[in-house]
Amino acid sequence: MPHQNPMQGILLKCASVAVFTVMAAMIKSTSETAAVPAGQQVFFRSLFAIPVILIWLALRGELGVGLRTVRPMGHVYRGVVGTVAMALNFWALALLSFPEVTAIGYAAPLLVVIFAAMFLGEDVRLFRLSMVGIGLTGVLIVLSPQLRLDADADPYRMLGAVVAMGGAAGSALAQIFVRKLVQEERTSAIVFWFSFTSTILGLATLPFGWVWPDATTAMLLVGSGILGGMAQILLTSAYRFADASLVAPFEYVSMLLAIAIGWYVFGEAPARVVLIGASLVILAGIMIIWRERQLGLERSRQRKAMMLQG
């Protein structure tokens, strides 16, 4: 275990968020310029992440043990759910603005709280449930312009709202599988076998209408995979240098980046409801993380007190 270095952990987390956001922008570009379908995007994003992950493991001297698994079917289940979530998120990028998809994606960690109570039997108390309620209210605010039923409603944006929310739910469910896997599996194995599974599942969509990319689109697709692998490594490294409760709130830096990229790259000005809704979701997420950190510190003090008494 490396020496704790909170500042390095925060910087690595911010770097991972920035790289993931640029990767998502590259995926969105392939949808807009070449109408690349989500399954093909998943394939390239996953395939070209694998060499990056393998090189990283080799440099760490963990290639021999990093890919071993004792729960192969657990990786399959996580891979299927995670791949569906990734495909839905990529599809949403083709239907909605960049800041909208980013804001709706923040529903995932809120839904993890609910799913953890449902499927893992975790104790979820009133404070967390209240924050989840506030956060999901923010998500509904973001979704509200797309869920109108009047004559001016845009069916594609309505579909995008449903798809984005489905992607968030799938991402949350995938995290439940990850929570089970980490009890017995190395992080490196979880990362690698997810990339492998999503590559296979992405390739399986070939008969459903892939497009032949031009040189620019091909570079964007390959680049999204390389950046995705790099971002995953940065994220994993961040949690090696600092506690999860410290670095997790910096995930919300992605909203600022999404607004900037949406404005300058795609010409998408964020609507007021997106900013209001995203603010509520971010507030709820940060409050949940803060509360968990306080509880963790309290449990640590109690353990120390018991050890002293013993």
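For the structure itself, look to the data block above.
Heads up: these notes are all about the structure in this document. (Residues numbered from 1 in each chain as written. Predicted model: local features only at pLDDT ≥ 70, side-chain atom pairs only at ≥ 80, totals over all residues. Heavy atoms only, no water.)

**Section: the overall build of the protein**
Across its full length, the protein carries 14 helices and 0 strands. Each helix (α) and strand (β) of the protein, taken in turn from the N terminus, gives the series α-α-α-α-α-α-α-α-α-α-α-α-α-α. For the protein, whose C-alpha radius of gyration is 20 Å, the value lies close to the compact-globule estimate of 19 Å for 310 residues. With the C-alpha coordinates of the protein rotated into their principal frame, the extents come out at 70 × 50 × 35 Å. The buried share of the protein, taken over its 310 residues, is 45%. Across the protein, every contact between residues at least 6 apart in sequence was considered, and the portion connecting residues at least 24 apart equals 88%. Here the protein has roughly 15,600 Å² of accessible surface; of this, 69% comes from carbon and sulfur atoms. (Helix = DSSP H or I, 4+ residues; strand = E, 2+ residues; numbered from the N terminus. Rg over C-alpha atoms; globule rule 2.2 N^0.38 Å. Buried < 20%, exposed > 50% of the residue type's maximum accessible area, 1.4 Å probe, protein only. Contact = heavy atoms within 4.5 Å. Areas by Shrake-Rupley, 256 points an atom, 1.4 Å probe, with all protein chains shown as cover.)

**A closer look at the pattern of salt bridges**
If you walk through the whole model with that rule in mind, you get 6 salt bridges. Across the salt bridge formed by lysine 28 and glutamate 32, the nearest N and O atoms sit 3.3 Å from each other. Of this pair, lysine 28 and glutamate 32 both sit in helix H1 (residues 6-34), 4 residues apart, which is roughly one turn of the helix. The partly exposed category is assigned to glutamate 32, whose relative accessible area is 47%. The partner of glutamate 62 in a salt bridge is arginine 60, with the nearest N and O atoms 2.7 Å apart. The exposure class assigned to glutamate 62 is buried, which follows from its relative accessible area of 18%. Linked by salt bridges that have partners in common, Lys28, Glu32 and Glu268 make up one network. (Salt bridge = Lys/Arg side-chain N within 4 Å of Asp/Glu carboxyl O.)

**Description of a nonpolar patch on the surface**
On the surface, Met73, Val76, Tyr77, Val80, Val84 and Leu201 cluster together to form a nonpolar patch covering roughly 490 Å² of accessible area. At 5 residues, helix H5 (residues 72-95) tops the list of elements feeding residues into the nonpolar patch. We classify methionine 73 as partly exposed; its relative accessible area is 44%. (Patch = residues over 30% accessible without salt bridge, like charges linked within 9 Å, V, L, I, M, F, W, Y side chains within 5 Å.)

Everything listed here is a matter of geometry and, on its own, says nothing about what the molecule does.
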